[in-house]
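In case you want the letters, here they are:
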Amino acid sequence: MKRAAMKAASWGMLFFMGACVAPEVKTETVPVPDAGRTQVVLVHDPDGKVGEVTVRNRGGSQKINQAGQMAEAKDGTSAISTQALLAEGDINKVFGDALAALPKKPVTFILCFKNDSIELTEASQTMLSSVHAAIGDRQSQDISVIGHTDRTGEKSYNVALSRRRALKIKKILVSKSVNPSIIEVGYHGEADPLIKTPDGVAEPRNRRVEVTVR
Amino acid sequence: MKHFFGVLCLMLCLGANAVAASNEEAAIVKNFSGTAFIVRQQMTFPVKKSERIFSGDLLRTGRDGTLGIIFKDNTILSLGPRSELLIEEFHFEPSRGKLSIVTRMFKGTAAYVSGVIARLSPKSVRFETPSATIGIRGTKFLVKVEGGGEEE
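Quantities reported herein were computed from a predicted structural model and do not represent experimental measurements.

> Looking at this structure, how should I read the overall build of chain A?
Per the secondary structure count, chain A includes 4 helices and 9 strands. Along its sequence from the N terminus, chain A presents helices and strands in the succession α-β-β-β-β-β-α-β-α-β-α-β-β. Burial status across chain A gives 37% buried among its 214 residues. The long-range share in chain A, meaning contacts at least 24 apart out of those at least 6 apart in sequence, stands at 59%. Of the roughly 12,100 Å² that chain A leaves accessible, carbon and sulfur atoms contribute 55%.

Dropping the structure here:
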């Protein structure tokens, strides 16, 4: 009886250990001619712009700044080459799966408040429906709500006001059945203005809560 | 003996969790398909939706797998099948000037849209591969790294 119990316990233990100790992570060691070869392709940003990337190794560096342009590093020491522009079809052949898995860009809403108040302006009141649409659209599980004020009034008062503003927005979201545990609340008082002003200046655009939906 | 193993195992698990907890949270899983794994402190586990990702985590997809994540600074990254990428370093504390996002890709395909860190401090963004370092100025790009043959 005792033996059986011991046996059962040790099996349980083995299982437990199995769950703790996973197989070692392997990265490539098999020598293959092309192993490690890197191709980098620049494409349009979600908002249509094209930026710039620099690809470098011990052989030098190459800039690419046109959509469809590719830079290639054969290994860590050979010079980097650039190629003629790639067609969209060719890009999709190689990168289609990765592109399809790319999440939507997070979106930030700026909700403005009345002076020294936690009441939203009328315009921002109507923006709330877009916030909800974005949360539903992205099936978001990660929302940040950050409160701010302008630079009239005391700093410490403004910290408290920015906190009350952020909590007000959280309350509104939760009242429309957003899970409170996915909302991260922060407040910066007057320290992080949208529009920089000297101290004591009233600036409606800084009386705000920024809601980022990821 | 039995106790020894039990305690050892417990320590291993607790130890791993403690280390994971001290690393900065870097990103959240937005979507995945097929087989996709996270390797954290030498433990491999399947990805779940909304799973938090920490610096030090290795992301891996199988032959039918894809994975899409969003970093705390709004950098967006996705992996195609048979890919492996390490979140080597991530700090996002603009108020303290502490910014960095370093990813290291071992194989596969990826799409990358840079976020706030690239805007505030382009030097703090690096994407490493076995043969090159990619520097980024506010942009979207694709990377393919040739693997060293099939494993799995």
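> Whenever I open this one, the confidence of the model for chain B confuses me. Can you help?
Do not read the fine detail of predicted coordinates wherever pLDDT is low. Residues and elements named next belong to chain B. When pLDDT is averaged across chain B, the result is 86; 83% of the residues are at 70 or more. Counted against residues more than four places away or in other chains, residues 7-21, with its pLDDT under 50, gives 12 contacts. We note a pTM of 0.76 for the whole complex and an ipTM of 0.84 for its interfaces.

> What's the story with the interface of chain A and chain B in this structure? I'm lost.
Often the size quoted for an interface is simply the accessible area lost on bringing the parts together. Counting residues at the interface gives 61 residues for chain A, matched by 61 residues for chain B. Between chain A and chain B the total buried area reaches about 4,800 Å² when both faces are included, carbon and sulfur atoms providing 61% of it. Taken together, chain A and chain B are joined by 2 salt bridges. Put simply, Arg37 of chain A and Glu146 of chain B hold a salt bridge, and the shortest N to O gap is 2.9 Å. Connecting chain A to chain B are 24 residue pairs in polar contact (both at pLDDT 80 or more). Ranked by the residues each element gives to the side of chain A that touches chain B, the list is headed by helix 1 (residues 2-20) of chain A, at 7 residues. Class assignment for the residues of the side of chain A that touches chain B results in 32 nonpolar, 13 polar and 16 charged.

> What is the right way to read the packing of aromatic side chains from this model?
Residues and elements named next belong to chain B. Under the criterion given, the structure shown has 4 aromatic pairs over all chains. Note on Tyr112 and Phe141: the rings are 5.0 Å apart at their centroids and 25° apart in plane angle, and the pair reads as stacked. You can see Tyr112 sitting in strand 9 (residues 98-113) and its partner Phe141 sitting in strand 12 (residues 140-145), a full 29 residues away along the chain. Comparing Tyr112 with Phe141 shows no difference in burial state: the two are buried. Members of the aromatic cluster, each reached through a chain of ring pairs, are Tyr112, Phe127 and Phe141.

> Got a minute to help me understand unusual backbone geometry in this structure?
Excluding glycine, residues mostly have negative phi values, and the peptide bonds linking residues are mostly trans. Residue and element names in this part refer to chain B. Unusually for a residue other than glycine, Ser50 sits at a positive phi of about 70°. When you line up the elements, Ser50 lands in the loop between strand 3 (43-46) and strand 4 (52-54). Taking relative accessible area as the criterion, Ser50 reaches 21% and is therefore assigned partly exposed. Of note, the phi angle at Asn74 is positive, near 75°, even though the residue is not glycine. Note that Asn74 resides in the loop between strand 6 (66-71) and strand 7 (76-79).

Rules used in this analysis
Position labels on residues start from 1 in each chain and follow its written sequence. Think of it this way: whatever chain is written first is A, whatever ligand is written first is 1, and the rest follow in order. The model is predicted, so local features are restricted to residues of pLDDT at least 70 and side-chain atom pairs to those at 80 or more, both for listing and for counting; the totals for chains, interfaces and linings are taken over all residues. By convention in this description, side-chain values take in all heavy atoms of the structure and omit both hydrogens and water. Runs of E in the DSSP output that reach at least two residues are strands. Runs of H or I that reach at least four are helices, and both are numbered from the N terminus. Throughout, exposure labels follow a simple rule: accessible area from a 1.4 Å probe, protein chains only, divided by the maximum for the residue type, with under 20% read as buried, over 50% as exposed, and the rest as partly exposed. Working rule for contacts: check all heavy atoms of both residues, and any pair within 4.5 Å makes them a contact. Only the protein chains shown count as cover for residues, and all accessible areas are computed by the Shrake-Rupley method using a 1.4 Å probe. The quantity known as pLDDT measures the predictor's confidence residue by residue, on a range of 0 to 100. A 1.4 Å probe defines the accessible area here, and the buried area is the portion of it lost by two parts on being joined, summed over both. Only one rule defines a salt bridge in this text: a Lys or Arg side-chain nitrogen within 4 Å of an Asp or Glu carboxyl oxygen. Each polar contact in these results corresponds to two N or O atoms within 3.5 Å; when the atoms are within protein, one needs to be able to donate a hydrogen and the other to accept it, and residues that are neighboring in sequence are counted only if both atoms are side-chain atoms. Only Asp, Glu, Lys and Arg are considered charged, only Ala, Val, Leu, Ile, Met, Phe, Trp, Tyr, Cys and Pro nonpolar, and every remaining residue, Gly among them, polar. Centres within 6.5 Å are what make two rings of Phe, Tyr or Trp a pair, Trp counting through its six-membered ring; a difference in plane orientation under 30 degrees is then read as stacked, over 60 as edge-to-face, and the rest as tilted.

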